[in-house]
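Here is how the chains run, residue by residue.
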Amino acid sequence: MKNIKKVLMALDYNPNTTKIAEIGFSFAKAMDAEITLLHVVEKEVYYTSFITSPITGIGDFDSATFYQFMNSDGLSDAANYYLEKVKLHLKDNKINILVENGNFAEVILKTAKNLKVDLIIMGSHSQKWLEKVLIGSNTENVLNQSSIPLLIIPTKKSSKVVSM
């Protein structure tokens, strides 16, 4: 088995991100791997749609501060703020954070290749069939195009939010 030394964890603003971050972090730490948290800023409308809400499962997450960033110039700043909160929750200052712009699947695959990661960790959110038809499945796109192993952590919309 190939040694896993670098892990890329792709995170969005889903309330179940806490579960993905904690499980992914535990897995990466067990392998003594370097961890990079990635958020992809795709389209501004995505952050204000009825399908997706940037309310997260992080208990001490300050949504008022987050929303101050919610304009086209501030989406990357908001994502950095968010990833810093995830990093703080995981209590590991060695975690790298990265915010990129573009198509979700393409950016994850390109970033994984550029960083020469050994594993990509991401969640698979339960979506209604209409949402999947309209916006597609980002996890499925990464899975179908990746030559790098993936750890996909399934979540459900009804999962409890964990306070941090």
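To be clear, the structure that these remarks concern was listed above.
Residues numbered from 1 in each chain as written. Predicted model: local features only at pLDDT ≥ 70, side-chain atom pairs only at ≥ 80, totals over all residues. Heavy atoms only, no water.

**A few points about the overall build of the chain**
Looking only at helices and strands, the chain has six helices and five strands in total. Expressed as a percentage of the 164 residues in the chain, the buried residues total 43%. Of the contacts formed within the chain by residues at least 6 apart in sequence, a portion of 76% connects residues at least 24 apart. Summed over all atoms, the accessible surface of the chain reaches about 9,100 Å², with 52% contributed by carbon and sulfur. (Helix = DSSP H or I, 4+ residues; strand = E, 2+ residues; numbered from the N terminus. Buried < 20%, exposed > 50% of the residue type's maximum accessible area, 1.4 Å probe, protein only. Contact = heavy atoms within 4.5 Å. Areas by Shrake-Rupley, 256 points an atom, 1.4 Å probe, with all protein chains shown as cover.)

**As for unusual backbone geometry**
Within the chain, Asp32 stands out as a residue other than glycine whose phi angle is a positive 55 degrees. Position of Asp32 relative to the elements: it lies in the loop between helix H1 (17-30) and strand E2 (34-41). You can call Asp32 exposed: its relative accessible area is 61%.

**A look at the pattern of salt bridges**
Enumeration according to the criterion identifies one salt bridge in this entry. Taking the shortest distance from any N to any O, the salt bridge between Lys29 and Asp92 comes out at 3.1 Å. Of the two residues, Lys29 sits in helix H1 while Asp92 sits in the loop between helix H3 (75-90) and strand E3 (96-101), which places them 63 residues apart along the sequence. Given a relative accessible area of 38%, Lys29 falls into the partly exposed group. Among the residues examined, Asp92 registers a relative accessible area of 10% and is labelled buried. (Salt bridge = Lys/Arg side-chain N within 4 Å of Asp/Glu carboxyl O.)

**Brief notes about the side chain of Lys87**
Tracing the chain through its elements places Lys87 in helix H3. The residues contacting Lys87, other than those within four sequence positions of it, are Leu37, Asp92, Asn93, Ile95 and Ile97.

**Considerations on H1**
Residues spaced three or four apart along an α-helix point in a common direction, a consequence of the helix completing one turn every 3.6 residues. Compared with the 20 Å implied by 1.5 Å per residue over 14 residues, the 20 Å span of H1 between its first and last C-alpha is a close match. For H1, the full list of buried residues reads Thr17, Thr18, Ile20, Ala21, Gly24, Phe25 and Ala28. For H1, the angular spread of the buried residues around the axis is 160 degrees, confining them to a single face. In the segment just after H1, Asp32 is the residue with positive phi, at about 55 degrees. (Expected span 1.5 Å × (residues − 1). Arc of directions from axis to C-beta.)

**Regarding the environment of Glu106**
Looking at where Glu106 falls in the secondary structure, it is placed in helix H4 (residues 104-115). Here Glu106 falls in the exposed class, since its relative accessible area comes to 52%. Taking the C-alpha atoms as reference, Glu106 lies 9.8 Å from Val40; in sequence the two are 66 residues apart.

These values are about where atoms sit, not about what they do.
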